[in-house]
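Remarks on the overall topology
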Amino acid sequence: AKQGGNMWQVRWAEDWSYLKDDAKHDDPFDPLKFIALNQSGSAYLTLSSEVRVRSNTTSNPGLIPDSHSQQQWLLRATFGADLHLGEHFRLYTELAHGSMDGRNAGNRAATQENNAILQQVFFDVTGRAGSADLGARVGRQTFTDGPIQLMALRDNTDIFITFNGVRGWAIGEKTRVDVFSFNYTNDGTEGLGDDRIDRSRRLRGIVGGFRLPTAKPVYLEPFFYQFRNDAQTWSPQTAKEHRNYYGLRLWGNFGSLRTDTYATVQRGSFGTRDIRAYMVGSSNTWALSNEGWKPRVGFHAELTSGGDASGDGAVRQNNPLYGNAIYFSWATFFGPTNLITFAPTFVFSPTSKVTVNLEWEALWRQSKNDAIYNNQARPYAGTAATDERSIGTLPRVNVTWAIDRHWSAMFRAEHLIAGPALERAGYGDSTFVAAWLNFRF
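Residues numbered from 1 in each chain as written. Predicted model: local features only at pLDDT ≥ 70, side-chain atom pairs only at ≥ 80, totals over all residues. Heavy atoms only, no water.

Let's talk about the environment of W436
Applied cut-off: Helical segments are the DSSP runs of H or I of at least four residues, strand segments are the runs of E of at least two, and each set is numbered from the N terminus. By definition, residues are in contact when any of their heavy atoms lie within 4.5 Å. Counting of polar contacts relies on pairs of N or O atoms within 3.5 Å, with two restrictions inside protein: one atom must be capable of donating a hydrogen and the other of accepting it, and residues adjacent in sequence are counted only when both atoms are side-chain atoms.
Counting through the fold element by element, W436 comes out in strand β21 (residues 430-440). Not counting residues within four places of it along the chain, the set of residues in contact with W436 comprises R52, V53, R54, S408, A409, M410 and R412. Here N438 takes part through its side chain, which lies 3.3 Å from a polar atom of the side chain of W436.

This is how it looks when you write it as structure tokens:
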């Protein structure tokens, strides 16, 4: 995602080489974006930073009625250095800090409270073969290539999810291929020396891309992922999981329609049990006008498999990898396991710098023989025993204010109206409100 000006959510995606020309400097931070290291400017350093202060407030945390509300105060700080040595080599390093305070603040996970982490450190080697751009990246890195419901930075937390390994790509005019092999990072909380490569969790795969012959950009992307976790838990069982994802994604613009549609079938093994799972989803918006408030209407819908987790038959729970959990709930009440959703949406911009997204999401269980799951695929106790399908509804609002190229602000809120599948297990309504301020250079 682009964050304003030439800045992106992942800072290594930025290209500041045009600032070699001093006449193009128009911002006080431009001297830090291109620091020439030789006379020709072929070797240069780009510095970047982000500071985010955030507040989260949740009533009835855990969906437990009459429980004490939760207040979290969060801070994220990152500092990046992007060293380019000629046309074909670059070294990128990024440090991050996260802290959390508050009342009844909850789990102080390493993704929220982390004194210091070497969040990314990798090198790229790039070149060309004919008309194709070729590249390889080695080291610790963020990685997303595929549906956001399966792969995302998880920007909701202070610290990004990162991987250790190698990625290679070839990009032509209308086709591309991306191959990768990673181990997860096991984040520590104290300092730079306690963040280890997690050899028990592995992700590798290949993604293809084809630009379709349409007036506006539309892409068809087949993908294959292979995931291994030596200690995967589908309550109440823990075992080694090998899971293959066979998928297809179609995304882009057809006239005034913007779509992102995907499907994946999952096969493999969980201990001695077979895996038979799936995940299908589609997000669509139609532009009603490109003038004034630029209103867009649309919907998103998902169908993700579930089943009897405690039996000895096939495992039917969808494993959402490290997908964008807030896609389903800002407060991460729910995740895409044993879930059906449908959410009409309305987006508009009352000013050139403010965007409002309204949504009313309805949620159901795909299988009544399985629990309701949160964003980490952990079941809500007792929900598997209720003979109800309706989980509830989530009215949601998100407001983004792009103050200028460096500053932005966000407000979001949602209210869960619990349905019978939750109520009969003793759970109830909950309200979540968040706001934050970002500074980037």
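What about unusual backbone geometry?
Rules: The rule is simple: take the accessible area with a 1.4 Å probe, protein chains only, and divide by the maximum for that residue type; under 20% is buried, over 50% is exposed, in between is partly exposed.
Omega for the bond connecting S235 with P236 falls within 30 degrees of zero, at 10 degrees, which places this linkage in the cis form. Residue N104 is not a glycine yet carries a positive backbone phi of 55 degrees. By secondary structure assignment, the location of N104 is in the loop between β6 (89-103) and β7 (114-129). Judged by relative accessible area, N104 falls into the partly exposed class, the value being 43%. Look at A377: it is not a glycine, yet its phi comes out positive at around 60 degrees. Within the element layout of this structure, A377 appears in the loop between β18 (354-364) and β19 (390-401).

Some words on the layout of surface pockets
If you roll a probe as big as a water molecule over the atoms, it shows you where there is empty space left. Definition in use: Here a cavity denotes a set of grid points, spaced 1 Å apart and computed over the protein atoms alone, in which a 1.4 Å probe fits but from which it cannot get out, and a pocket denotes an open set meeting protein on both sides within 12 Å along at least five of seven lines; residues with an atom within 4 Å of a point are reported as lining. Grid points are joined across faces, edges and corners, and a volume is the space filled by probe spheres set on the points. Each residue receives one of three labels: charged for Asp, Glu, Lys and Arg, nonpolar for Ala, Val, Leu, Ile, Met, Phe, Trp, Tyr, Cys and Pro, and polar for the others, Gly being one of them.
What the second largest pocket holds in volume is close to 160 Å³. Considering the residues around the second largest pocket, the lining is formed by 15 residues, among which S235, A309, D370, A371 and A384 are closest to the centre. Here the lining of the second largest pocket is built from residues that sort into eight nonpolar, five polar and two charged.

Focus on empty space enclosed by the protein
Evaluated as defined, the whole model comprises two cavities of 30 Å³ or more. Approximately 60 Å³ is the volume attributed to the largest cavity. Every residue along the wall of the largest cavity is listed here: Q9, R11, E50, R76, T78, E94, Q119, D158 and F160. Its residues placed into classes, the lining of the largest cavity shows one nonpolar, three polar and five charged. If you go around the second largest cavity, the residues you meet are Q149, R154, P320, G323, N324, A325, F328, P336 and N375. Its residues assigned to classes, the lining of the second largest cavity shows four nonpolar, four polar and one charged.

Quick notes on the pattern of salt bridges
The test is simple: Just to be clear on terms, a salt bridge is a Lys or Arg side-chain nitrogen sitting within 4 Å of an Asp or Glu carboxyl oxygen.
Under the definition given, this model contains 27 salt bridges. Residue R76 is joined to D155 by a salt bridge in which the shortest nitrogen-to-oxygen separation is 3.0 Å. Placement of the pair is R76 in strand β5 (residues 70-85) and D155 in the loop between β8 (132-141) and β9 (163-171), with a sequence separation of 79 residues. Classification of R76 as buried rests on a relative accessible area of 1%. D155 gets classed as partly exposed once you look at its relative accessible area, which sits at 25%.

Points about the packing of aromatic side chains
Going by this rule: Each pair of aromatic rings taken from Phe, Tyr and Trp, with Trp reduced to its six-membered ring, is defined by centres within 6.5 Å and is described as stacked if the planes are under 30 degrees apart, edge-to-face if over 60, and tilted in the remaining cases.
Applying the stated criterion to the full structure yields 30 aromatic pairs. The interplanar angle of 45 degrees and the centroid separation of 5.3 Å between the aromatic rings of F224 and Y246 together place this pair among those described as tilted. Separated by 22 residues along the polypeptide, F224 in strand β12 (residues 218-234) and Y246 in strand β13 (residues 237-254) bring together distant segments of the chain. Taken together, a centroid distance of 6.4 Å and an interplanar angle of 80 degrees make the contact between W234 and Y373 edge-to-face. Highlighted residues: W234 in strand β12 and Y373 in the loop between β18 and β19, separated in sequence by 139 residues. Both residues of the pair, W234 and Y373, count as buried. Three or more aromatic residues joined by ring pairs form one cluster here, namely F143, F163, F180, F182, Y184, F223, Y225, F227, Y245 and Y322.

Quick notes on the side chain of R11
The topology assignment puts R11 in the loop between β2 (7-8) and α1 (30-33). A distance of 2.5 Å separates polar atoms of two side chains, one belonging to R11 and the other to E14.

Looking at the environment of V138
In this fold, V138 is placed in strand β8. Taking relative accessible area as the criterion, V138 reaches 35% and is therefore assigned partly exposed. Linking V138 and F182, residues 44 residues apart in sequence, is a C-alpha distance of 9.9 Å. Residue contacts for V138: discarding those within four places in its chain leaves V121, F122, F123, G165 and V166.

A closer look at the side chain of S181
Mapped onto the elements, S181 comes out in strand β10 (residues 175-186). Ignoring anything within four residues of it in the chain, the contact list for S181 reads N164, G165, V166, R202, L203 and R204.

Thoughts on the nonpolar core
Put simply, the rule reads: What we call a nonpolar core is a set of buried Ala, Val, Leu, Ile, Met, Phe, Trp, Tyr and Cys residues that are connected through their side-chain atoms within 4.5 Å.
Counting 23 residues, the largest nonpolar core has L63, F333, F334 and L422 as the members making the most contacts within it. For this core, the secondary-structure elements that each account for two or more residues are β19, β20 (407-418), α2 (420-423) and β21. Dropping the residues within four chain positions of it, L63 is found in contact with F333, F334, Y380, L416, L422, Y427, G428 and S430. Among the nonpolar cores identified, the runner-up in size contains 17 residues, and F227, Y245, M279 and L321 belong to it.

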